[in-house]
Structures are given as C-alpha cells and as structure tokens.
Amino acid sequence: AQSVTQLDSHVSVSEGTPVLLRCNYSSSYSPSLFWYVQHPNKGLQLLLKYTSAATLVKGINGFEAEFKKSETSFHLTKPSAHMSDAAEYFCVVSELGSNYQLIWGAGTKLIIKP
Amino acid sequence: NAGVTQTPKFQVLKTGQSMTLQCAQDMNHNSMYWYRQDPGMGLRLIYYSASEGTTDKGEVPNGYNVSRLNKREFSLRLESAAPSQTSVYFCASGLWNEQFFGPGTRLTVL
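What you are looking at is a predicted structure, and each value in this text was computed from that prediction instead of being measured. (Residues numbered from 1 in each chain as written. Chains lettered and ligands numbered in written order. Predicted model: local features only at pLDDT ≥ 70, side-chain atom pairs only at ≥ 80, totals over all residues. Heavy atoms only, no water.)

(A) Region of interest: the state of the cysteines. Residues and elements named next belong to chain A. With the rule as written, the count across this model stands at two disulfides over all chains. Residue Cys23 pairs covalently with Cys91 via a disulfide, S to S 2.0 Å. Across the S-S bond linking Cys23 and Cys91, the dihedral sits near -70 degrees, which makes this disulfide left-handed. Taken together, the positions of Cys23 in strand S4 (residues 23–26) and Cys91 in strand S10 (residues 87–95) put the pair 68 residues apart, joining distant regions of the chain. Here the two residues Cys23 and Cys91 agree in accessibility, since each one is buried. (Disulfide = S-S within 2.5 Å. Helix = DSSP H or I, 4+ residues; strand = E, 2+ residues; numbered from the N terminus. Buried < 20%, exposed > 50% of the residue type's maximum accessible area, 1.4 Å probe, protein only.)

Structure (structure tokens):
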C-alpha cells in the first residue's frame, strides 16, 4: 500500500537561505511522485513531478527534488528562499495501476523570516 | 481556457440540509476527482470517475454521492449534511497521473 510521510509539519527559514522539505514514501511498485504548493486561501499548484525519468527533477520557482529509491525519499529543495515561497507544501505519491489515485502527505508549512 | 471551475466558493448549511457541489473542466480529461481537505491533513479522496459513465469510491465516501453528468462535469452531493463534513472541497481533473485542481469550496455545516 502506498503512503507518504512529510517529516516536518513546519519549517522556518530566513529569506535568502536554503530550503529543505523532507518527504518519505512507501510504494509497492514504481511510483510517480509530486510536490504541490498551496498558498494561503488559494488552490493547489503542481511544483514538480517525478515519473521514472531523471532522478533530479526541476520545477517552477527554482524548486527541485531528488528521487532516491534506496532511501525512499523525495525531498524538496531551493537554494535561496523568497518571501513569496511562504505556503504549505504537499508531497504526493501515485502508483501505476491505481487509477492514478493520489495519496497525500499531511503537508509542511514553510515560514519565511525576513 | 478556464481549467477546473467549482461552484459555489463558500456555503453554510444547517445539519440535515442537502446540497450539490458543482465541478466542470474544459481540458477534455477523462478522469475527475473529489477531495476534501481538513486542517493538519493532506487531501483525502472522496470519489473519483476514471471515465464518463463510471464512478468509484475513494478513501472517505460515506455521506456523499457523485454524478458524472458528462465528460466535463462531475458533481458531489451531500444528502444530509453533518458537522463532520465541514471542510474545504476540491475537484480535480486528470491526464494520466497529473491532476489539475479547482479553486475549492469552503463548506461549513452548523
């Protein structure tokens, strides 16, 4: 069965410093993995996705994530945080043959300090 | 190209009332989904429709019904609303394993 664990419910960083949001997953087969972002009182936007091509995936707004099968991880990073990055971030897994059902992590709230 | 649209944006119901949340997509996607989002939790799948004419239960279907009216539209009905159904509801449509989300409906049941 698929599952997703986001290791931190809140992450606080200063503007201009690196961001690391951690995600571990469990999947029986080859998973697809996603990061979505939700700004306050807004809808959900896809940041990036991994679908068995390159293990380092680049997304929008300078974010990237690395798929590490041996560690069952898909951590999200950004070299330099911007105030506009303050939002909630969700790690999501989908498994082939699951009718493309998405299994969502609980979310990590990213706080940017000026 | 509006993407995924949902109506209404906000709704307040009394316990026992019924209502239908509407969702439409203009991306010609086969799959459509209804989720709910509660504080401190990720989205949970209520129902989905892999193609026109089919619907299936997700993780939390109790208290809800759905209708896939045509390829564009997928509605969610609460027959007898309960306070536990207070939540934000998101509709999505999908192409393979990528889903596109509507802006959400914030529902409060008193």
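(B) Just the interface of chain A and chain B, in detail. In this complex, chain A contributes 20 residues to the contact, which on the side of chain B involves 19 residues. Carbon and sulfur atoms supply 52% of the area buried between chain A and chain B, which totals about 1,600 Å² over both sides. Summed over the shared surface of chain A and chain B, the result is one salt bridge. Close ionic contact of Lys49 of chain A with Glu98 of chain B constitutes a salt bridge, the shortest N to O distance being 2.5 Å. Put simply, chain A and chain B have three residue pairs in polar contact (both at pLDDT 80 or more) between them. If you tally residues by element for the side of chain A that touches chain B, the top one is strand S5 (residues 31–38) of chain A, at four residues. (Contact = heavy atoms within 4.5 Å. Buried area = accessible area lost by both parts, 1.4 Å probe. Salt bridge = Lys/Arg side-chain N within 4 Å of Asp/Glu carboxyl O. Polar contact = N/O pair within 3.5 Å; in protein donor to acceptor, adjacent residues only side chain to side chain.)

(C) Expanded view of the side chain of Gln37 of chain B. By the secondary structure assignment, Gln37 of chain B is in strand S4 (residues 31–37). The contacts of Gln37 of chain B, once residues within four sequence positions are left out, are Gln38 and Phe90 of chain A together with Leu43, Ser87, Val88 and Phe90 of chain B.

(D) Looking closely at the environment of Asp85 of chain A. Within the secondary structure layout, Asp85 of chain A lies in the loop between strand S9 (73–78) and S10. Expressed as a C-alpha distance, the spacing of Asp85 of chain A and Gln2 of chain A, which sit 83 residues apart in the sequence, is 28 Å.

(E) Structural view of the packing of aromatic side chains. Enumeration over the complete set of coordinates arrives at 14 aromatic pairs over all chains. For the ring pair Tyr33 of chain B and Tyr48 of chain B, a centre distance of 6.2 Å and an interplane angle of 20 degrees mean the geometry is stacked. Here Tyr48 of chain B lies in strand S5 (residues 43–49) and Tyr33 of chain B lies in strand S4, a separation of 15 residues in the sequence. Taken as a pair, Tyr33 of chain B and Tyr48 of chain B share a single burial class, namely buried. Where Tyr64 of chain B meets Tyr89 of chain B, the ring centres are 5.9 Å apart and the plane angle is 65 degrees; that geometry is what we call edge-to-face. Here Tyr64 of chain B, found in strand S7 (residues 64–68), pairs with Tyr89 of chain B, found in strand S9 (residues 87–95); they are 25 residues apart in sequence, far enough to count as distant. Each member of the pair, Tyr64 of chain B as well as Tyr89 of chain B, is classed as buried. What links up through ring pairs into an aromatic cluster is the set Phe34, Tyr36, Phe90 and Trp104 of chain A together with Tyr33, Tyr35, Tyr48 and Phe101 of chain B. (Phe/Tyr/Trp six-rings, centres within 6.5 Å; stacked < 30°, edge-to-face > 60°.)

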